[in-house]
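Chain residues, written in single-letter form:
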Amino acid sequence: MADPESLLEQLRGHFGSRLIEAHLAYGEVTIELAPGDLVPAMTELRDLDAFRFEQLLDVAGVDYAAYGSDEWITEQATGSGFSRGVTEPGFGRLGLTGIYGVQGVAESTGRRFAGVYHLLSLAHNHRLRVRCYAEDDDLPVLPTLTGVWPSANWPEREAFDLYGLIFEGHPDLRRILTDYGFVGHPFRKDFPLIGNVEPRYDPEKGRVVYGPVEIEPRVLVPRVIRDDNRYRGRPQSASTEDQADG
Amino acid sequence: MAEFQSYTLNFGPQHPAAHGVLRLVLEMEGETVRKADPHIGLLHRATEKLAEAKPYNQSIGYMDRLDYVSMMCNEHGYVRAIEKLLGIEPPLRAQYIRTMMDEVTRILNHLMWVGTHGLDVGAMTAFLYTFREREDLMDVYEAVSGARMHATYYRPGGVHRDLPDRMPKYEPSPYRSERELKEMNRAREGSVLDFLEDFCERFPGCVDEYETLLTDNRIWKQRLVDICPVGPERALELGFTGPMLRGSGVEWDLRKKQPYAVYDRLDFDIPVGTNGDCYDRYLVRVAEMRESARIIKQCIDWLRANPGPVSVDDPKVVPPSREAMKDDMESLIHHFKLFTEGYCTPPGEVYAAVEAPKGEFATYIVSDGANKPYRLKVRPPCYYHLAAMDEMIRGHMLADVVTLIGSIDVVFGEVDR
């Protein structure tokens, strides 16, 4: 595999101030671009000889709303034990909002929804991750990449379906994985794991109807974040540190 | 003469040739497909969302259920991502076991594919032959992990346990004679490695049998040659990987180009097609089965000669042995913490890919330092192949739809996730 450090240097040299962020962690190069720069920059990444990213392998939507939140305090001793993490309302159990929601999502930060693109260059044998945050949390819009790589079509539909990311200019932005007539975007952090509605047969109406879910949400293992000394000084993504602070 | 108007045809979701729950809305003109609109998601189980609510290790079993005919390769993709985050490297023996089991899985997958693809296209016999060999490999799965399909055998830091010393045997039964029983148990007298070696000895002969049935079969060729060809440039643009890409003549295999596990220590070849049609993809996959048998053999030789640990000695990630747990306070605490809480990974994001039988299977994990992934994204290879279906099938006949679905080697467990 090609040397990721030289790729990072080339990217810095070529894109300059267009890179909001660029770093190397875990042997992988990640850059961040603004939505307005995305399509031209991606076209350059595909066409320029130094990069030659022939393939767009994956588009992943990410919702950073609950990044860094846990369900169990690990810094000091607690007297209430395991059940604290399990019975009290935590977002893992109930989602942030929604009908069981415990708290609203904070006001729009412009750093909640991101599209994460994974590129592969066969010519140079290197990979690249590109992240692009949608500017508005309430109506997250990103430009579509279907014009650059046709393989962006379905994964963008998926990110739209699961996260509500709107890809401007997408030729066929329909739901893809969820049911016909599904309401909401299920992979958002404010969507509860058990869902909001469930279908059941109504004998009076003689057909299947949707009603509120009846199952109990529960957590078997609470989500904890432990500060581990062994991981100190490891190269970490700068953007994730920003998120943890905010 | 009546003029044919274009009309819409619904194909599936319950159709024997749809390989699961694919619903296709086809716009037809006579028997020619003008447009295909695949509707997927009927098997959507939100695996990625479920993984966000579980400690890392508890999701390994879900990976088996994605592409449920290449189970261990999926586990490998997931486990490698966790190892990358944690910065641990499994011992060499575990790497060899993984490589060997990955190739067993590849043969399992391709056998399933040859059988059902033949069945779809009208060749019943190949199915019966391939499932005979599949059964042997299923037994290997069972001997190694305890489960025939959903193994949950790979763990971050190695594999669950070492290969067993003996292979389970058939038991006496009033329905089979002593002589038959002896013949059935012939290869099962020794260890799993002995059984696998015997399998690898006879497997090329079995592949010859399938090839006799199919490769030069006139009907088979009429149904496959020049059906849905894709050029190399287009295949790249469409995000093809694995045999679909190699069938189009692009020599790209992660096992060679970005080696993981111990593929860089092994000797094998990458078969490549030329026309990119369904027939070339068939030839590529059949040749891959032969290569896999070669790889397994090399792994067997190494594994015989090199006993050793099969998981890292890191009690923060790998649970202690049962004896140590009963004996030693430290181990008891580690055991308790691992099974009630799991381990926390450092924050960051990783993308780890393996060459699964269908193409590049990868997992992208975003971690915020918790004991559960913050976001898990699975990259299923078939998703992209199926997305290109509309383009590939246009202008072909209705019967070719079935050929193409078979040729994509689509499995809905991973497409819908």
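Per chain, residue numbering runs from 1 following the sequence as it is written. In the order they appear in the text, chains get letters beginning with A and ligands get numbers beginning with 1. Local features in this predicted model are restricted to residues whose pLDDT is 70 or higher, and side-chain atom pairs enter the listing and the counts only when it is 80 or higher, whereas totals over whole chains, interfaces and linings include all residues. As a rule here, side-chain values cover all heavy atoms of the structure and leave hydrogens and water aside.

**Quick word on the overall build of chain A**
Alright, step 1. Scanning chain A from N- to C-terminus turns up 6 helices and 9 strands.
Alright, step 2. Residue burial in chain A is summarised as follows: out of 246 residues, 50% are buried.
Alright, step 3. Restricting to contacts in chain A with at least 6 residues of sequence separation, those with at least 24 account for 59%.
Alright, step 4. Note on areas: Shrake-Rupley, 1.4 Å probe, and residue coverage restricted to the protein chains presented here. Counting only carbon and sulfur atoms, one obtains 51% of the accessible surface of chain A, whose full area is about 11,300 Å². Helix numbers and strand numbers start at the N terminus; a helix is a DSSP run of H or I with at least 4 residues, a strand a run of E with at least 2. For every residue, the accessible area (1.4 Å probe, protein chains only) is compared with the maximum for its type, and the residue is labelled buried under 20%, exposed over 50%, or partly exposed between those bounds. Contact between two residues is taken to exist if any of their heavy atoms lie within 4.5 Å; hydrogens are not considered.

**Overview of the sheet that holds strand β1 (residues 6-11) of chain B**
Residue and element names in this part refer to chain B.
Alright, step 1. Two strands pair under a simple rule: DSSP has to find at least two bridges between them. Across the sheet, 3 strands lie side by side as β1-β2-β3; this open sheet has antiparallel pairing. In this open sheet, the two strands that pair with only one neighbour each are β1 and β3 (32-39). Here the average twist between neighbouring strands, direction ignored, is 20 degrees.
Alright, step 2. The sheet contact formed by β1 and strand β2 (residues 23-29) spans 6 bridges and is antiparallel. Across the sheet, residue Asn10 finds its bridge partner in β2, namely Val25. Lines fitted to the C-alpha atoms define the axes, with helices restricted to the stretch that makes contact. Angles between their N-to-C directions range from 0 to 180 degrees.

**Brief notes about the side chain of B:Arg246**
Residue and element names in this part refer to chain B.
Alright, step 1. Of note, Arg246 is situated in helix α10 (residues 242-247).
Alright, step 2. A residue is classified by how much of its surface remains accessible, and Arg246, at 0% relative accessible area, is buried.
Alright, step 3. By the criterion applied in these results, polar contacts are pairs of N or O atoms within 3.5 Å in which, for protein atoms, one can donate a hydrogen and the other can accept it, and in which residues neighboring in sequence qualify only through two side-chain atoms. Reaching out from Arg246, the side chain makes a polar contact with the backbone oxygen of Trp252 at a distance of 3.0 Å.

**Details of the interface of chain B and chain A**
Alright, step 1. Listed per partner, the contact involves 68 residues of chain B and 61 residues of chain A.
Alright, step 2. The term buried area refers to how much accessible surface (probe radius 1.4 Å) is lost by two components on association, counted for both of them together. Taken over both partners, the interface formed by chain B and chain A buries close to 5,400 Å², and the fraction arising from carbon and sulfur atoms is 54%.
Alright, step 3. Area buried by chain B at its contact with chain A is led by B:Lys49, B:Glu349 and B:Tyr374, which between them contribute 14% of it.
Alright, step 4. Basic side-chain nitrogens of Lys or Arg form a salt bridge, by our definition, when they fall within 4 Å of a carboxyl oxygen of Asp or Glu. At the boundary of chain B and chain A, one finds 11 salt bridges.

**Observations concerning the environment of B:Lys84**
Alright, step 1. With respect to the element layout, B:Lys84 can be found in helix α3 (residues 71-86).
Alright, step 2. We classify B:Lys84 as partly exposed; its relative accessible area is 29%.
Alright, step 3. The spacing of B:Lys84 and B:Thr125 is 41 residues in sequence and 44 Å in space, taken between C-alpha atoms.
Alright, step 4. Excluding its chain neighbours within four sequence positions, the residues that come into contact with B:Lys84 are A:Tyr26, A:Glu28, B:Val350 and B:Tyr351.
Alright, step 5. Among the polar contacts made by the side chain of B:Lys84, one reaches the main-chain carbonyl oxygen of B:Tyr351 at a distance of 3.0 Å.

**Things to note about the layout of surface pockets**
Which parts of space are left empty comes out when a probe the size of a water molecule is rolled across the atoms.
Alright, step 1. Taken as a whole, the largest pocket spans an internal volume of roughly 960 Å³.
Alright, step 2. Only protein atoms enter the calculation, which uses a 1 Å grid: trapped sets of points that fit a 1.4 Å probe without letting it out are cavities, open sets showing protein on both sides within 12 Å along at least five of seven lines are pockets, and any residue with an atom within 4 Å of a point is a lining residue. As for the largest pocket, its lining consists of 35 residues, of which A:Leu177, A:Thr178, A:Asp179, A:Phe182 and B:His44 are closest to the centre.
Alright, step 3. Only β8 (197-202) of chain A together with β3 and α1 (47-52) of chain B provide two or more residues apiece to the lining of the largest pocket.
Alright, step 4. At 3 residues, the largest contribution of residues to the lining of the largest pocket is made by β8(A).
Alright, step 5. For the lining of the largest pocket, the class distribution of residues is 21 nonpolar, 7 polar and 7 charged. Grid points are joined across faces, edges and corners, and a volume is the space filled by probe spheres set on the points. Here the term charged refers only to Asp, Glu, Lys and Arg, the term nonpolar to Ala, Val, Leu, Ile, Met, Phe, Trp, Tyr, Cys and Pro, and the term polar to all other amino acids, Gly among them.

**Structural notes on the environment of B:Pro168**
All names here are of chain B.
Alright, step 1. Mapped onto the elements of the fold, Pro168 is located in the loop between β5 (158-159) and α6 (178-184).
Alright, step 2. Of the residues examined, Pro168 reaches a relative accessible area of 40% and is grouped as partly exposed.
Alright, step 3. C-alpha of Pro168 to C-alpha of Glu142: the two residues are 26 residues apart in sequence and 9.1 Å apart in space.
Alright, step 4. What Pro168 contacts, discounting residues up to four positions off in sequence, is Ala143 and Arg188.

**Re a nonpolar patch on the surface**
Alright, step 1. Note on patches: the residues involved have over 30% relative accessible area and no salt bridge, like charges join within 9 Å, and the nonpolar side chains Val, Leu, Ile, Met, Phe, Trp and Tyr join within 5 Å. On the surface, B:Leu119, B:Met124 and B:Leu128 cluster together into a nonpolar patch covering about 280 Å² of accessible area.
Alright, step 2. Take B:Leu119: it is sitting in helix α4 (residues 92-121).

**A word on helix α2 (residues 35-47) of chain A**
Alright, step 1. Here, expected helix span is obtained from the residue count minus one, scaled by 1.5 Å. Look at α2(A): 19 Å from first C-alpha to last across 13 residues, which is about the 18 Å you get at 1.5 Å a residue.
Alright, step 2. Taken together, the buried positions of α2(A) are A:Pro35, A:Leu38, A:Ala41, A:Met42 and A:Leu45.

**Some details on unusual backbone geometry**
Alright, step 1. Backbone geometry places A:Asn125, a non-glycine residue, at a positive phi of 55 degrees.
Alright, step 2. With respect to the helices and strands, the residue A:Asn125 is situated in the loop between β4 (113-121) and β5 (126-133).

**A few points about the sheet that holds strand β7 (residues 359-367) of chain B**
All names here are of chain B.
Alright, step 1. In space, the 3 strands of this open sheet follow the order β6-β7-β8, with antiparallel pairing throughout. Pairing within the sheet leaves two strands with one partner each, and these edge strands are β6 (348-356) and β8 (375-379). Going across the sheet, the axis of each strand differs from the next one's by a mean of 10 degrees, ignoring polarity.
Alright, step 2. Both β6 and β7 contribute to a ladder of 9 bridges, which runs antiparallel. Counterpart to Val350 in the pairing with β7 is Ile365.

**A short note on helix α5 (residues 124-145) of chain B**
Alright, step 1. The end-to-end C-alpha distance of α5(B) is 32 Å, a good match for the 32 Å that 22 residues give at a rise of 1.5 Å each.
Alright, step 2. Just downstream of α5(B) lies B:Gly146, where phi reads positive at about 95 degrees.

**Topic: the packing of α4(B) against helix α17 (residues 398-408) of chain B**
Residue and element names in this part refer to chain B.
Alright, step 1. The geometry of α4 relative to α17 is characterised by a closest axis approach of 9 Å and an angle of 180 degrees between their N-to-C directions. Classified by the interaxial angle, the pair formed by α4 and α17 is roughly antiparallel. Two secondary-structure elements touch here, α4 through Trp113, His117, Asp120 and Val121 and α17 through Val402, Thr403, Gly406 and Ser407.
Alright, step 2. Of the residues that constitute the contact of α4 with α17, the class distribution is 3 nonpolar, 4 polar and 1 charged. Angles below 35 degrees are treated as roughly parallel, those above 145 as roughly antiparallel, those between 65 and 115 as roughly perpendicular, and all remaining angles as oblique.

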